[in-house]
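Next come the chains, spelled out residue by residue.
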Amino acid sequence: MHIALNTLPGTAVPFPHHVVRYLDQVIDRIQKEKPSVTFSCVHLSDEDSPFPRLPSIEAAPPKSGLRARFSRSDSIDGLLLKHKAALILSPLQTAVARTSLPQVLLALDLAPWESKDGPKASARDAKIACANARHLIVPTDQLRRRCLELFEAPMEKIVVAPPGVAAGLDSPTHSVVEKPYFVFFYDPLSAPLMATIRKALEKRHEEFPFTQVIVGPTLPDEPRQWGPGVVRIEQCPANHLAGLYQEAAFFLYPAPHDDCGLRVLEALAAGVPVVAAGTRGLTEVAGNAPIYFNGESLDAFFQSLKRVLAEDGQSRGKRIETGKQTAGRYNWEKTMWKVLATFKAG
């Protein structure tokens, strides 16, 4: 079976980093377990592939205007049939509304439809894509119900496959940054609140005198200069990331539309207290291990920081252990088998 991973421009530019992380982990394990299942990445010929390890299928840049909207499905079908693809795997953000090939969709969050920031996605196109898709993969039951509400996605088509956690994050590792500091994971889900939170922390620096370690891919709208007290790390090997997490005062992930919990689970596995914006999907995945706050309230945010910093050694140790136990329930092998079964299901 040959599967074409569709990353052609939809509403996600750049391609979502957490989706790349999820699919990298799953595809790598499928290829090792089932070599007969092969993958290629469909991307524009004038852009780099988000999945450089996969063979490329290059598509011509789209025409502008209304004509492109109606020609996209035909052009993708012809391209993929030429490369003998048996199935299309599309994040919901880049889904083909109508295609003659079977399509499996992946939705790790609904930010393109629910967020007030960034480009808005078409609920109508997503609804058509869900109706025509073979299956829709989501990470939580909460997101499963939300897709039913927003897109009328048939419940029997939706498969829940939570993210996994890579092994070794809890192996003792020294940090490359001098303490005290906290880690802020910076991606399209957390970026909208970044500026507000950083300005608020600057005003209360004496109360929270921590270096800010900002980890994550370079984003188009990020500041050119982050200023004093910030360490910016765009790429971080897994062992260095584990060290950063383990010796941090806390891990901050203010992502009000995070319905996947991938980054939070990794931090919990490494053994660092987590402060996160409370979302329905995240609380389903991470339970009561993190300290949650209302993403729309700075007062709630600072109360959460005070709470995590006020914990004594015993309370902090108990919270870390709870986080490790929570993360220990998830592994990429379980995720891989669920996704693979979805590919093979009729």
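For the structure itself, look to the data block above.
Residues numbered from 1 in each chain as written. Predicted model: local features only at pLDDT ≥ 70, side-chain atom pairs only at ≥ 80, totals over all residues. Heavy atoms only, no water.

Asks: Honestly, empty space enclosed by the protein in this entry has me stumped. Any pointers?
Replies: A water-sized probe, rolled over the atoms, reveals where empty space remains. Per the stated rule, a full pass over the model turns up 2 cavities of 30 Å³ or more. Estimates place the volume of the largest cavity at around 40 Å³. The wall of the largest cavity is formed by Leu-110, Glu-114, Gln-142, Leu-143, Arg-146, Asp-259 and Arg-280. Residue contributions to the lining of the largest cavity peak at 3 residues, all from helix 5 (residues 141–151). Broken down by class, the residue content of the lining of the largest cavity amounts to 2 nonpolar, 1 polar and 4 charged. The wall of the second largest cavity is formed by His-18, Leu-189, Tyr-253, Asp-258, Cys-260, Gly-261, Leu-262 and Arg-263. Class assignment for the residues of the lining of the second largest cavity results in 4 nonpolar, 2 polar and 2 charged. (1 Å grid on protein atoms, 1.4 Å probe; cavity = no way out; pocket = protein on both sides within 12 Å on 5 of 7 lines; lining within 4 Å. Points joined across faces, edges and corners; volume = space filled by probe spheres on them. Helix = DSSP H or I, 4+ residues; strand = E, 2+ residues; numbered from the N terminus. Nonpolar A, V, L, I, M, F, W, Y, C, P; charged D, E, K, R; others polar.)

Asks: Mind showing me how you'd approach the sheet that holds strand 5 (residues 103–106) here?
Replies: Within a sheet, each strand pairs with its neighbour through backbone hydrogen bonds, oriented either parallel or antiparallel. Taken in spatial order, the 7 strands line up as 3-2-1-4-5-6-7 in an open sheet, and their pairing is parallel. The sheet is open, and its two edges are formed by strand 3 (56–59) and strand 7 (158–160), each paired on a single side. Averaged over neighbouring strand pairs, the angle between their axes works out to 25 degrees when direction is ignored. The sheet contact formed by strand 4 (residues 87–91) and strand 5 spans 4 bridges and is parallel. Among the inter-strand pairings, Ile-88 is bridged to a residue of strand 5, identified as Gln-103. Where helix 12 (residues 332–344) meets the sheet, it contacts strand 1 (2–6), strand 2 (38–44), strand 4, strand 5, strand 6 (135–138) and strand 7, and its direction lies at approximately 170 degrees from that of strand 6. (Pairing = 2+ DSSP bridges. Axes fitted to C-alpha atoms, helices over the stretch in contact; angles between N-to-C directions. Contact = heavy atoms within 4.5 Å.)

Asks: For this particular structure, what's the right way to read the sheet that holds strand 12 (residues 274–277)?
Replies: Strand order across the open sheet formed by 6 strands is 10-9-8-11-12-13, with parallel pairing between neighbours. In this open sheet, the two edge strands, each paired with only one partner strand, are strand 10 (230–233) and strand 13 (291–293). When the angles between neighbouring strand axes are averaged without regard to direction, this sheet yields 20 degrees. Note that strand 9 (residues 211–215) and strand 10 share 4 bridges and pair parallel. Its bridge partner being in strand 10, Ile-214 is matched across the sheet by Arg-232.

Asks: It is not clear to me how helix 8 (residues 262–270) should be interpreted in this structure. Could you clarify?
Replies: With respect to burial, helix 8 is a largely interior element, 9 of its 9 residues being buried. Taken together, the buried positions of helix 8 are Leu-262, Arg-263, Val-264, Leu-265, Glu-266, Ala-267, Leu-268, Ala-269 and Ala-270. Positive backbone phi, at 95 degrees, marks Gly-271, one or two positions downstream of helix 8. (Buried < 20%, exposed > 50% of the residue type's maximum accessible area, 1.4 Å probe, protein only.)

Asks: What should I look at first to understand unusual backbone geometry in this one?
Replies: What is expected of a backbone is that most residues other than glycine have negative phi and most peptide bonds are trans. Along the chain, Lys-179 connects to Pro-180 via a cis peptide bond; the corresponding omega equals 5 degrees. Inspection of the secondary structure assignment puts Pro-180 in the loop between strand 7 and strand 8 (181–185). Its identity as a non-glycine residue notwithstanding, Lys-84 has a phi of 60 degrees, on the positive side. Within the secondary structure, Lys-84 sits in the loop between helix 2 (66–82) and strand 4. Notably, Glu-152 is not glycine yet its phi reads approximately 55 degrees, a positive angle.

Asks: I would appreciate a short explanation of the nonpolar core in the present structure.
Replies: If you look at soluble globular proteins, the nonpolar side chains tend to sit buried side by side. If you look at the biggest cluster of nonpolar residues, it comprises 34 residues, and the most contacted ones within it are Val-183, Val-213, Val-215, Leu-244, Tyr-245, Phe-251 and Val-264. The element that contributes the greatest number of residues to this core is helix 8, accounting for 6 residues. Each residue touching Phe-251, except ones within four places of it in the same chain, is listed here: Val-183, Phe-185, Tyr-245, Arg-263, Val-264, Ala-267, Val-272, Pro-273, Val-274 and Val-275. Formed by 29 residues, the second largest nonpolar core is a distinct cluster that contains Leu-23, Cys-41, Cys-260 and Trp-332. (Core = buried A, V, L, I, M, F, W, Y, C linked by side-chain atoms within 4.5 Å.)

The values reported here are purely geometric and, on their own, carry no functional implication.
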